[in-house]
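Overview (structure and organization)
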Amino acid sequence: MPTRQTRGQKLFGVFNYAFLGLVAIICIIPFVHIIALSLSDNSAVAGGLVHLWPVRFTLEPYNYVLERQAFWRAFGITIQRATIGTLINVLLVILIAFPLSKKVESFKMRSVYVWIFFFTMLFNGGLIPNYILIKELGLMDTIWALVLPGAVTVFNIILMLNFFREVPEELDDAANIDGATHWRTLWQIYVPVSMPAIATITLFCLVGHWNSWFDGLIYMRSAENYPLQSYLQTIVVEFNFQTMTATEAERLAKLNDRSVKGAQMIVAAIPILLVYPFLQKYFVSGIRLGSVKG
Amino acid sequence: MAKQLWMACLASLVMVLVVGCSSNNGGGNTDSTANNDSNTADSQEAITYTFGRNMNPNDENVSKLEKNTGEKLADNRWTRLFKEQLGISVDYKMLSDSTSYDQKLKLAMASGDLPDIFQVGQASDMQQLMEAGAVEEIGTLYDEYASDLLKSIIESETKRVFEPVTYDGKVYGFPIKMPSTNGYSHLWIREDWLTKLGLERPKTIEDVYNIATAFVKNDPDGNGKADTLGLEIDNDFRYNMQGLFWAYDAFPLNWIEKDGKVQRGIVQPEMKEPLALLQKMFKEGLLDKEFGSKDNGKAMESVVAGKTGMFYGPHWMAFTAEKTLANDKNAKWITVPLPTKTGEPAKIPLKISADGWMVVKKGTKHPENLIKMMNLYVEQLFGANPDYNKWFTADDVQGIWWMSPVYSLDPMIDLKAHQDIKKAVADGTESSLTGSGKGFYDAIQQGNWSINMMFGPGDTPFNFVDASYPGQVMWDAYLGAPSPTEVARGSSMDELLVTTLTSIIQGKTKAESGFDDMVAKWNSLGGEQVTEEINAMVPKN
């Protein structure tokens, strides 16, 4: 239905594009800056001469990163963590959200359970009790210390639960009449219908695992077992010469190489950036699905 | 069919979880029992200690060592040495760079999960461990077991080295000694700029001011633009510009003795003059207008880019200064003896430099083994026949000396190297150099600019150290842990100092009255109490 736009609408469109374009630029500039740093000679970087375009172009930082065992070891741990962790997260989200999405008539204790889950969103034990728990469970220095404490993602459960509720009851009834059990209804009816929501949650979990660094820092006794972001954190964090040991201050002054740091950040960001386009189509269809039903 | 499939999937997942957990549990248990066994059974000599060390396994040199020789942190020439000679095996339980190491140590303290022998980096953590009785007394063991060589190294600067680890008259930690000459603040100047503008090297702080003015007004980089700065300054000027404060006998980071009492240097009236000078320089555009939001790395950009001609900093700033050369081919750096207000030699306040302390957890068997390990360690590096090319730097790897479970340096190592090189160059006996002198000299011959700048003869930081150590050195009046009030309120008291001092330099607060107000506020915030507490804690001789 082609209609002529009023002047106000046109103006709005122009303003809209300009504003969103500006926001996009603000988001992209830091990336471009880091890329420029990573492709520049270190002395130019240390002199603050690099802004958005490399100065004295070199691929040396990338060569250095590619040869760096510690970086790849951390990379491998993160891939492992993201895969196992996301699988566990998504599976548990589906298994928990399904019963909780049922009506109180068919699941009497429903609200009790919802509150129990919700409670953990508001309160937690704190750092030291968590640390002691992980230690007593013997999880220190293992991949499980990174994936099990966050296995149940309550926020995602609530998202999923609401999505399941949107699924027409008739589908459930039909499956019931045909003799499907709850299991079968879940996996053959609900899950296929909810792919957009599952894709979203997968992405949330994946990005969460990819980016988290603090748990790695405290639950891994040796820095050899750090996942990628904990490793990056130790190299990019602003250091304070007053509190660090003289040995370390001297070594850092020697090695403080921002172009190499930039290269490591870029390499570390690439895999997760590649995931977005693959999940993009689900987002779009998810939005459309919602609008048709609404 | 499908149902069975899903059940199988689920079952296998549960299996993975259970197996994962239980195998880890099992692993943990066998580890600890193995330790206990080795403590009691077998020969009484063979023993395994769990260790905690502030040492980054992701360090470039650690990977290099592994690549070149196959050695790792947990199994290298040092650990093998200890195993062969003393029957001591090392099992690292905590191992990371200092920021996360301090965090890990605090968590381990809180959860009672300390390794047998470990490094403590912060005096406050040390104090807690001593108060809680969580670590073995080590002083008597040191007296009994330490070799003469070890004692001479640890105590060579001053006997007060054990002060921070003394509690109730007993010594609980073993200092990891570093050269205290690391605490020097040097004045670095672009000599090519001096020459170009026909200026003399500075003797007094007045000269420094005049040079800074000339560096700004007279276009030293010759590009026809007024885009240069006189003196580098950043938001941590208390630390990074210490040398300028010392010119006025003001000591912003030290405890000093005054009127028979130990007092904080930063609240003394001597601070006013250097602050007034910085305020004047800021007003006249000799300093970076935005210094308040720049850390050292950011502020040094202007130096590296060849736009700032002077900065204060420790000797290893040579690594940063070196980068100037790539941006400005004419750059030539020198350091000069610290200029002072009067032109008299500066007093240099030093803290006893140590990478923290090694301690032994209470109840660990044979705590004297720590001292024995140290004896063996220093023998390799500083004994009768030191083998630097095996234990210090070897196989193209820097810093093998710190990849050991225990370590310590001869505090004179850097200065001695400089003196040896200077003498050898003067006498033409370069080939007979040994130890660190030889190592540094070889690096200089291979064209290592930074090493030459730091330790070589000429206008280098260590040339000044040579002239002033220990004659002009003044040891900190108090070396122990922060007092209870300081622990509780230190950060807000510090905040007050930093914001006021910054605002004085920026000219927003008056140097004279603003400073007095700050001191009064600081005292009421807890400064007075801290001073009293510290004076009560100072060991009486």
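The text that follows walks through the structure, step by step, so that each part is easy to find.

So, how was this worked out
Within every chain, residues take consecutive numbers counted from 1 along the sequence as written. By the order in which they are written, chains take letters starting at A while ligands take numbers starting at 1. With pLDDT at 70 or above as the cut-off, local features in this predicted model cover only qualifying residues; side-chain atom pairs require 80 or more to be listed or tallied, and sums for whole chains, interfaces and linings still use all residues. For the side-chain quantities, the full set of heavy atoms in the structure was used; hydrogens and water were omitted. A run of H or I in DSSP becomes a helix once it reaches four residues, and a run of E becomes a strand once it reaches two; helices and strands are each numbered from the N terminus. Three labels apply to residues, based on accessible area from a 1.4 Å probe with only protein chains included: buried if under 20% of the type maximum, exposed if over 50%, partly exposed otherwise in between. Contacts were defined at the residue level, with two residues in contact if any of their heavy atoms lie within 4.5 Å. The Shrake-Rupley method, run with a 1.4 Å probe sphere, supplies the accessible areas, and residue values consider only the shown protein chains as cover. Each radius of gyration reported is based on C-alpha atoms, and the globular scaling rule is 2.2 Å times the count of residues to the power 0.38. The sign given to each residue is positive for Lys and Arg and negative for Asp and Glu; His and the chain ends receive no count. Throughout, a charge is located at the NZ atom of Lys, the CZ atom of Arg, the CG atom of Asp or the CD atom of Glu. In short, DSSP must find at least two bridges between two strands for them to pair. Only the stretch in contact is used when fitting a helix axis, every axis being a line fitted to C-alpha atoms; angles between N-to-C directions are given from 0 to 180 degrees. Just so you know how the angles are binned, under 35 degrees is roughly parallel, over 145 roughly antiparallel, 65 to 115 roughly perpendicular, and the rest oblique. Classification used: nonpolar for Ala, Val, Leu, Ile, Met, Phe, Trp, Tyr, Cys and Pro, charged for Asp, Glu, Lys and Arg, polar for all others including Gly. We define the nonpolar core as a collection of buried residues of types Ala, Val, Leu, Ile, Met, Phe, Trp, Tyr and Cys that are connected through side-chain atoms lying within 4.5 Å of one another. Patches here are clusters of residues that have more than 30% relative accessible area and form no salt bridge, with a 9 Å joining cutoff for like charges and a 5 Å cutoff for nonpolar side chains (Val, Leu, Ile, Met, Phe, Trp, Tyr). Whenever a carboxyl oxygen of Asp or Glu lies within 4 Å of a side-chain nitrogen of Lys or Arg, that contact is scored as a salt bridge. Here a polar contact means two N or O atoms within 3.5 Å. Within protein one must be a hydrogen donor candidate and the other an acceptor candidate, and residues neighboring in sequence count only if both atoms are side-chain atoms. Classification of ring pairs uses Phe, Tyr and Trp, with its six-membered ring standing for Trp, and accepts pairs whose centres are within 6.5 Å; under 30 degrees between planes counts as stacked, over 60 as edge-to-face, and the remaining range as tilted. In this analysis the charged atom, NZ for Lys or CZ for Arg, is taken to sit over a ring once it is within 6 Å of the ring centre and within 35 degrees of the ring normal. Take the far helix as your reference; a near helix turned counterclockwise from it by less than a right angle gives a left-handed crossing, and one turned clockwise gives a right-handed crossing.

1. Some details on the overall build of chain A
From N to C terminus, chain A includes 15 helices and 0 strands. Residue burial in chain A is summarised as follows: out of 294 residues, 42% are buried. Taking contacts inside chain A between residues at least 6 apart in sequence as the whole, the part at least 24 apart equals 71%. Counting only carbon and sulfur atoms, one obtains 68% of the accessible surface of chain A, whose full area is about 16300 Å².

2. As for the overall build of chain B
Along its length, chain B carries 23 helices and 14 strands. Computed over C-alpha atoms, the radius of gyration of chain B comes to 27 Å, within 12% of the 24 Å expected from 2.2 N^0.38 for 541 residues, which places it in the range of a compact globule. Based on the C-alpha atoms only, the size of chain B along its principal axes is roughly 80 × 75 × 60 Å. Residues counted as buried form 57% of the 541 residues belonging to chain B. At a minimum sequence separation of 6, the contacts of chain B that also span at least 24 residues come to 74%. Where the 53 positive side-chain charges of chain B centre and where its 74 negative ones centre are 4 Å apart.

3. Examining the sheet that holds strand S10 (residues 310–313) of chain B
Residue and element names in this part refer to chain B. Taken together, 3 strands build an open sheet; the order of strands is S10-S7-S11 and the sheet is antiparallel. Each end of this open sheet is capped by a strand with a single partner; those strands are S10 and strand S11 (333–336). On average, adjacent strands in this sheet sit at an angle of 30° to one another, irrespective of strand direction. Bridging between strand S7 (residues 186–190) and S11 involves 4 bridges; their strand directions are antiparallel. Paired with Ile189 across the strands is Ile334, a residue of S11.

4. Remarks on the packing of helix H6 (residues 127–136) of chain A against helix H4 (residues 98–110) of chain B
Helix-helix packing is characterised by the crossing angle of the two axes and by the distance between the axes. Put simply, H6 of chain A and H4 of chain B touch, their axes get as near as 10 Å, and they point 75° apart. The angle between H6 of chain A and H4 of chain B places the two elements in the roughly perpendicular class. Packed against H6 of chain A, whose contacting residues are Leu127, Ile128 and Tyr131 of chain A, the element H4 of chain B presents Leu107, Ala108 and Ala110 of chain B at the interface. Tallied by class, residues from the contact of H6 of chain A with H4 of chain B come to 6 nonpolar, no polar and no charged.

5. Some remarks on the nonpolar core
Residues and elements named next belong to chain B. In terms of nonpolar packing, the biggest core is built from 92 residues, with Met310, Leu501 and Ile505 touching the most fellow members. Not counting residues up to four positions away in its chain, the partners in contact with Met310 are Leu187, Trp188, Ile189, Val208, Ile211, Ala212, Phe215, Gly230, Leu231 and Glu232. Counting 74 residues, the second largest nonpolar core, distinct from the first, contains Met130, Tyr377, Ile400 and Ala481.

6. What about the sheet that holds strand S6 (residues 174–177) of chain B?
Paired through their backbone hydrogen bonds, the strands of a sheet run either parallel or antiparallel. Residues and elements named next belong to chain B. Spatial ordering of the open sheet is given by S2-S1-S3-S13-S6, a layout of 5 strands whose pairing is mixed. At either end of the open sheet lies a strand with only one pairing partner, and these are strand S2 (88–96) and S6. Between one strand axis and the next, the sheet turns through 25° on average, direction left out of account.

7. Description of a nonpolar patch on the surface
Residues and elements named next belong to chain A. There is a patch of nonpolar side chains on the surface, built from Trp115, Phe118, Phe119, Met121, Leu122, Phe123, Phe155, Ile158, Leu159 and Phe204 and spanning about 1000 Å² of accessible area. Those elements that provide at least two residues to the nonpolar patch are helix H5 (110–122) and helix H8 (154–166). At 5 residues, H5 tops the list of elements feeding residues into the nonpolar patch. Its place among the elements puts Phe118 in helix H5. A residue is classified by how much of its surface remains accessible, and Phe118, at 30% relative accessible area, is partly exposed.

8. Focus on the side chain of Lys258 of chain B
Residue and element names in this part refer to chain B. For Lys258, the position within the fold is in strand S8 (residues 255–258). A polar side-chain atom of Lys258 sits 2.9 Å from a polar atom in the side chain of Gln268. The contacts of Lys258, once residues within four sequence positions are left out, are Gln263, Gln268, Pro269 and Glu270.

9. Things to note about unusual backbone geometry
Residues and elements named next belong to chain B. Following Tyr469, the chain continues into Pro470 via a peptide bond in cis, with omega recorded as -5°. By the secondary structure assignment, Pro470 is in the loop between helix H21 (461–468) and strand S14 (473–475). Located in the positive-phi region is Asp249, a residue other than glycine, with phi close to 55°. Here Asp249 is to be found in the loop between helix H11 (242–246) and S8. The backbone of Asp259 shows a phi angle near 50°, a positive value even though the residue is not glycine. Relative to the helices and strands, Asp259 resides in the loop between S8 and strand S9 (261–264).

10. A few points about the packing of aromatic side chains
Evaluated as defined, the whole model comprises 32 aromatic pairs over all chains. A centroid spacing of 5.2 Å and a plane angle of 55° characterise the contact between Trp72 of chain A and Phe75 of chain A, whose relative ring orientation is tilted. Here the residue Trp72 of chain A and the residue Phe75 of chain A both occupy positions in helix H4 (residues 69–100), the gap between them amounting to 3 residues, near one helical turn. A relative accessible area of 32% places Trp72 of chain A in the partly exposed class. On the basis of an interplanar angle of 90° and a centroid distance of 6.1 Å, the ring pair of Phe98 of chain A and Phe164 of chain A is categorised as edge-to-face. Here Phe98 of chain A is found in helix H4, whereas its partner Phe164 of chain A is found in helix H8, with 66 residues between them in sequence. Of the residues examined, Phe164 of chain A reaches a relative accessible area of 1% and is grouped as buried. Positioned above the aromatic ring of Tyr209 of chain B is the side chain of Lys280 of chain B, whose terminal nitrogen or guanidinium carbon lies 4.4 Å from the ring centre. Taking the ring centre of Phe282 of chain B as reference, the NZ or CZ of Lys289 of chain B above it sits at 4.4 Å.

11. A look at helix H2 (residues 60–69) of chain B
An α-helical turn contains 3.6 residues, so a residue and the one three or four places further along point in the same direction. Those residues of H2 of chain B that fall on the buried side of the exposure criterion are Asn61, Val62, Ser63 and Leu65 of chain B. Of the surrounding elements, those touching the buried residues of H2 of chain B are H4 of chain A together with helix H3 (77–86) of chain B. Backbone nitrogen of Asn61 of chain B and a side-chain oxygen of the N-cap are separated by 2.8 Å at the start of H2 of chain B; the cap is Asp59 of chain B.

12. Let's talk about the pattern of salt bridges
Residue and element names in this part refer to chain B. According to the stated counting rule, one finds 36 salt bridges over all chains in the structure shown. The closest approach of N and O atoms between Lys361 and Asp116, which form a salt bridge, is 3.9 Å. Linking Lys361 in the loop between strand S13 (354–360) and helix H16 (368–382) with Asp116 in the loop between H4 and strand S3 (117–120), this pair joins segments that are 245 residues apart in sequence. Of the charged contacts, one joins Glu191 and Lys332 as a salt bridge, the two residues approaching to 3.2 Å between their closest N and O atoms. Taken together, the residues span a long stretch of sequence, with Glu191 in helix H8 (residues 191–196) and Lys332 in the loop between helix H15 (324–327) and S11 at a distance of 141 residues. Look at Lys332 and you get partly exposed, because its relative accessible area is 42%. Here the salt bridges share partners, and the residues they tie into one network are Glu191, Arg201, Lys332 and Asp459.

13. Comments concerning the pairing of S13 of chain B
Residue and element names in this part refer to chain B. A large share of S13 lies buried, amounting to 6 of its 7 residues. Alignment of S3 against S13, held across 4 bridges, turns out to be antiparallel. What sits directly across from Phe118, in S13, is Val359. Where S6 and S13 come together, 3 bridges link them in antiparallel fashion. Note that in S13 the partner of Lys177 across the bridge is Ala354.

14. So, the environment of Gln446 of chain B
Relative to the assigned elements, Gln446 of chain B resides in the loop between helix H19 (435–445) and helix H20 (449–455). Taking the C-alpha atoms as reference points, Gln446 of chain B and Gly428 of chain B, 18 residues apart in sequence, are found 18 Å from one another.

15. Describing the packing of H3 of chain B against H16 of chain B
Residue and element names in this part refer to chain B. Viewed as axis vectors pointing N to C, H3 and H16 meet at an angle of 120°, and their least axial separation amounts to 11 Å. Taken as axis vectors, H3 and H16 run oblique relative to one another. Seen along the crossing, H3 lies across H16 with a hand that is right-handed. On H16, the residues touching Trp78, Leu81, Phe82, Gln85 and Leu86 of H3 are Lys372, Met373, Leu376, Tyr377, Gln380 and Leu381.

16. With respect to the side chain of Asp116 of chain B
The class for Asp116 of chain B is buried, based on a relative accessible area of 14%. Setting aside chain neighbours within four positions, we find Asp116 of chain B in contact with Thr48, Tyr49, Thr50, Val359, Val360, Lys361 and Thr364 of chain B.

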